[in-house]
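# Report on the structure
Now for the letters of each chain:
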Amino acid sequence: MHAMQRRAFLAAGSAAALFAATAQRAWAAFPDKPIKLIVPWAAGGSTDAIARAMAQRMSQTIGSSVIVDNRPGAAGQIGTEAAAKAAPDGDTLAIVELPHAIAPAVTARLPYDLLRDFTPVTMIGTSPLVFFAGMDNDSRDFKTFVKTAAARPMPPAIAHSGAGTVSHLAAELLASRTGIRFNMVPYRGSAPALTDVAAGTVAGHFATLASGSSLLGANRIRPLLVTSAQRVNIPGLKEVPALAESGLKGMEIDQWWALVAPATTPLELIERLRREAIAALDHASVKERMAVLGVQLKGSTTGELRAFMRSEAERWQKVAHGIGLQPQ
């Protein structure tokens, strides 16, 4: 090796070592400013409540504030795109969930790619959907609801939270499995949909327990079905029939929530964030809050979450195709 080449080689090695040392010092000091947790939905919903429970506990242990940043709009696209384009420095996290896996199957031009634009951090938890109906005698249990709906001359109305949402796909799956024609009525979310279920304006709606908890507690709506293979050990749902005993095996739907970061966030920071999130999920205060929301906690590794999100995207692509939904 010539002297000039040797000097260039040594200089390059020194630069690489300096960069690595600088990065290591930066990572050792992390976090040195507040961490932003982007929620792509409005404040007050179940996802927002989950984010705030996580952020409050992580703020007490990670050495910096974790601030929930609600970015609602465009069916979650605005906040999710903002998270995808954020600096990959560990200072931005986002919550993604089942609708993010469904979106590619029903939305023609998404401004982000769930699998390409994010690095998974950890799964947070899951919750089965619940089919809520009103308190009339025709809805005293799921079998009665189906029998009555099939006998009506006009299709009963089922509320959903917009074309392509999980409540819409769940309603379409219910129609295909029972052979009943339903009048699918779009709403701007589960809150107004369930209000109309309670009023008898529509016959039913698929939502999480968290979304229906207040009306359920006031005895204004009734849970007829959980979209899990077996009954769930969640307060308020323990006596509610599951799919298998309702003749709907194979229609399992779990709402899920997970933490992700911008795609090129250093893996050292991802692992630090993952450990902090897992520790938060294991804390009594977070467990208690999640139990109230009906969330079954399920932490994961980065690799496990990546594989899960990929399988969910593939599954809902097939479901959407099977019921005739086209990207719009």
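Thresholds applied
- Residues numbered from 1 in each chain as written.
- Predicted model: local features only at pLDDT ≥ 70, side-chain atom pairs only at ≥ 80, totals over all residues.
- Heavy atoms only, no water.
- Buried < 20%, exposed > 50% of the residue type's maximum accessible area, 1.4 Å probe, protein only.
- Helix = DSSP H or I, 4+ residues; strand = E, 2+ residues; numbered from the N terminus.
- Pairing = 2+ DSSP bridges.
- Right-handed = clockwise from strand over helix to strand, strands pointing away.
- Salt bridge = Lys/Arg side-chain N within 4 Å of Asp/Glu carboxyl O.
- Axes fitted to C-alpha atoms, helices over the stretch in contact; angles between N-to-C directions.
- Left-handed = near helix turned anticlockwise from the far one by under 90°.
- Contact = heavy atoms within 4.5 Å.
- Nonpolar A, V, L, I, M, F, W, Y, C, P; charged D, E, K, R; others polar.
- Core = buried A, V, L, I, M, F, W, Y, C linked by side-chain atoms within 4.5 Å.
- Parallel < 35°, antiparallel > 145°, perpendicular 65-115°, else oblique.
- Expected span 1.5 Å × (residues − 1).
- Arc of directions from axis to C-beta.

## Let's talk about the pairing of strand β6 (residues 157-160)
- Covered by surrounding structure in β6 are Ala157 and Ala159 together with Ile158 and His160, the residues of both alternating faces.
- In this sheet, strand β7 (residues 183-186) lies alongside β6 in parallel orientation, the contact comprising four bridges. Paired with Ile158 across the strands is Met184, a residue of β7.
- Handedness of the β-α-β unit built from β6, helix α6 (residues 166-178) and β7 comes out right-handed.

## Examining the pattern of salt bridges
- By the definition in use, this model includes 11 salt bridges.
- Note that Asp138 and Arg152 form a salt bridge whose closest N and O atoms lie 3.8 Å from each other. Of this pair, Asp138 sits in the loop between β5 (130-133) and α5 (142-151) while Arg152 sits in the loop between α5 and β6; the two residues are 14 residues apart in sequence, bridging distant segments of the chain.
- Taken together, the shared-partner salt bridges in this structure form one network comprising Arg231, Glu239 and Glu245.

## Thoughts on the packing of helix α7 (residues 190-199) against helix α8 (residues 209-217)
- One can describe the packing of α7 onto α8 by two numbers: an axis separation of 10 Å at closest approach and a directional angle of 35 degrees. Two packed elements cross with a definite hand, and for α7 against α8 that hand is right-handed. Between α7 and α8, the residues in contact are Ser190, Leu194, Thr195 and Ala198 and Ser211, Gly212 and Leu215, respectively.
- When the residues that make up the contact of α7 with α8 are grouped by side-chain class, the tally is three nonpolar, four polar and no charged.

## What to know about the nonpolar core
- Among the nonpolar cores identified, the biggest contains 48 residues, and Phe131, Leu174, Phe182, Phe206, Ile253 and Trp256 are the most heavily contacted of them.
- The residues touching Phe131, leaving out its near neighbours within four places in the chain, are Phe145, Ile158, Leu174, Gly204, His205, Phe206, Arg222, Pro223, Leu224 and Leu225.

## What to know about the packing of helix α2 (residues 46-61) against helix α10 (residues 284-293)
- The N-to-C vectors of α2 and α10 enclose an angle of 175 degrees; their axes lie 10 Å apart at closest approach. The orientation of α2 relative to α10 falls into the category roughly antiparallel. In this structure, α2 uses Ser46, Ala49, Ile50, Ala53, Met54 and Arg57 to contact α10, whose residues at the interface are Val286, Arg289, Met290 and Leu293.
- Here the residues of the contact of α2 with α10 sort into seven nonpolar, one polar and two charged.

## Section: helix α9 (residues 267-281)
- The terminal C-alpha atoms of α9, which comprises 15 residues, lie 21 Å apart, in line with the 21 Å expected from a rise of 1.5 Å per residue.
- Within α9, the full set of buried residues consists of Leu269, Ile270, Leu273, Arg274, Glu276, Ala277, Ala280 and Leu281. Angular distribution of buried residues about the axis of α9 spans 170 degrees; they occupy a single face of the element.

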